[in-house]
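Structural features, examined
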Amino acid sequence: MPKAIYEGIYREIRSRIINGTYAFQEMLPTEAELTAEFGCTRNTVRRALSMLADGMFVQPIHGKGVRVIWLKGETDMLGALEEVESFGEFAKRNNAVASTDVKSFEHLVCTEQLSRRLGFRVGEELIRVVRVRSLNGNARQVDHGYFLASIAKGLTPEIAADSIFGYLEHKRGVKVIASRRTVSVELANDEDCSYLDLGKYNCVAVMESQSYTSDGILFEVTHTRTHPEIFHYRVNSKR
């Protein structure tokens, strides 16, 4: 079964749940109705519904159908820790306009110190990119990214200002399969204060991401410092 088909249906139904088209506690259309709408098989719809259930967006109820159990929180911005999501995808999902200002773009060779900190092999060529990411014109995130040059071949500052992941996936044919993340909170440093309008806040949320290709190759490590106002995530737990 082509993965793009059921993933596309999953994303469309999830979007409808998030924007309120399918409201909290409402029953989704039947499998037959969804099959007719998307022009696919029942198995394809069931795969999409299974993904939604795994993400705690819906709950299948035997003999009745599928009920929406996702409830929008108080914050307008909600991230997704369970998925490898680009900043542009995050903005789009939250109905915001994203923009990026590339502050630094350089090629360098991985040293022993960088290797210990990032995980790349000593001697590998890396591309270091510092970007300030904005939502609706407000600077909200600073990314310090290191990319394996052999994977990110052809990367330019202009591409970095648009979407590096989009370039890698659609132009380079890279399959981004997984990302490991570490989350913490730190006091804001001088760079944070210069790039981000922190206002009443004296800290930033810090996330370090290590991303891998479908071949298990570490190709990206990004240290992201985020304004507290948009750092909101929901993680689903099951008993």
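Attention in this report is confined to the structure presented alongside it. Since this is a predicted model, take the numbers as computed values, not measurements.

Spatial strand order, β3-β4-β5-β8-β7-β6: six strands in an open sheet with antiparallel pairing. Of all the strands in the sheet, just β3 (98-109) and β6 (176-187) have a single pairing partner and so form its edges. Going across the sheet, the axis of each strand differs from the next one's by a mean of 15°, ignoring polarity. When β3 meets strand β4 (residues 125-135), the two strands line up antiparallel, connected through 11 bridges. Directly across from F105, in β4, lies its bridge partner V129.

Right, let's talk about the environment of I9 for a bit. Mapped onto the elements of the fold, I9 is located in helix α1 (residues 3-18). Spatially, the C-alpha atom of I9 lies 8.7 Å from that of L49, the residues being 40 residues apart in sequence.

In this description, an aromatic ring pair is defined by two values, namely the gap between the centres and the angle between the planes. Across all of its chains, the model carries two aromatic pairs by this definition. Residues F165 and F219 carry aromatic rings whose centres are separated by 5.8 Å and whose planes lie at 45° to one another, so their mutual orientation is tilted. Of this pair, F165 sits in helix α7 (residues 164-170) while F219 is found in strand β8 (residues 218-226), placing the two residues 54 residues apart along the sequence. The exposure classification of F165 matches that of F219, with both residues buried. The residue whose ring lies beneath R47 is Y6, and the NZ or CZ to ring-centre distance is 4.3 Å.

Another aspect to go through is helix α3 (residues 42-54). The end-to-end C-alpha distance of α3, which contains 13 residues, comes to 18 Å, matching closely the 18 Å that a straight helix rising 1.5 Å per residue would cover. Following α3 by one or two positions, M56 adopts a phi angle in the positive range, close to 60°.

Counting 26 residues, the largest nonpolar core has F120, L126, Y146, L155, L168 and F219 as the members making the most contacts within it. Counting residues per element, the ones that place at least two in this core are α5 (112-118), β4, β5 (138-148), α6 (157-162), α7 and β8. Per-element accounting of this core gives the leading share, four residues, to α7. Residues contacting L168, with those up to four places away along its chain left out, are I151, A152, G173, V174 and F219. Formed by 19 residues, the second largest nonpolar core is a distinct cluster that contains Y10, Y22, L28 and F57.

On to the environment of I5. As for its position among the elements, I5 is in helix α1. Between the alpha carbons of I5 and S179 there is a distance of 23 Å; along the sequence they are 174 residues apart.

Backbone geometry at Q25 places phi at a positive 75°, although glycine is not the residue there. Looking at the secondary structure, you find Q25 in the loop between α1 and α2 (31-38). Residue classification places Q25 among the partly exposed residues on the basis of a relative accessible area of 39%. The backbone of N136 sits at a positive phi, close to 55°, despite the residue not being glycine.

To continue, consider the environment of E106. Relative to the assigned elements, E106 resides in strand β3. Separated by 27 residues in the primary sequence, E106 and R133 have C-alpha atoms spaced 18 Å apart. Residues contacting E106, with those up to four places away along its chain left out, are L126, I127 and R128.

A few words on the pattern of salt bridges. In the structure shown here, the tally under the stated rule is 11 salt bridges. D101 is the salt-bridge partner of K103, the closest N and O atoms lying 2.8 Å from each other.

The pairing of strand β1 (residues 58-61) with strand β2 (residues 65-68) spans four bridges and is antiparallel. Bridge pairing in β2 places V58 opposite V68. Hairpin connection, β1 to β2: the antiparallel pair is bridged by three residues, and G63 has positive phi, about 80°.

What counts, and at which threshold
- Residues numbered from 1 in each chain as written.
- Predicted model: local features only at pLDDT ≥ 70, side-chain atom pairs only at ≥ 80, totals over all residues.
- Heavy atoms only, no water.
- Pairing = 2+ DSSP bridges.
- Helix = DSSP H or I, 4+ residues; strand = E, 2+ residues; numbered from the N terminus.
- Axes fitted to C-alpha atoms, helices over the stretch in contact; angles between N-to-C directions.
- Phe/Tyr/Trp six-rings, centres within 6.5 Å; stacked < 30°, edge-to-face > 60°.
- Buried < 20%, exposed > 50% of the residue type's maximum accessible area, 1.4 Å probe, protein only.
- Lys NZ or Arg CZ within 6 Å of the ring centre and 35° of its normal.
- Expected span 1.5 Å × (residues − 1).
- Core = buried A, V, L, I, M, F, W, Y, C linked by side-chain atoms within 4.5 Å.
- Contact = heavy atoms within 4.5 Å.
- Salt bridge = Lys/Arg side-chain N within 4 Å of Asp/Glu carboxyl O.

Honestly, that's just the spatial picture; any functional story needs more than this.
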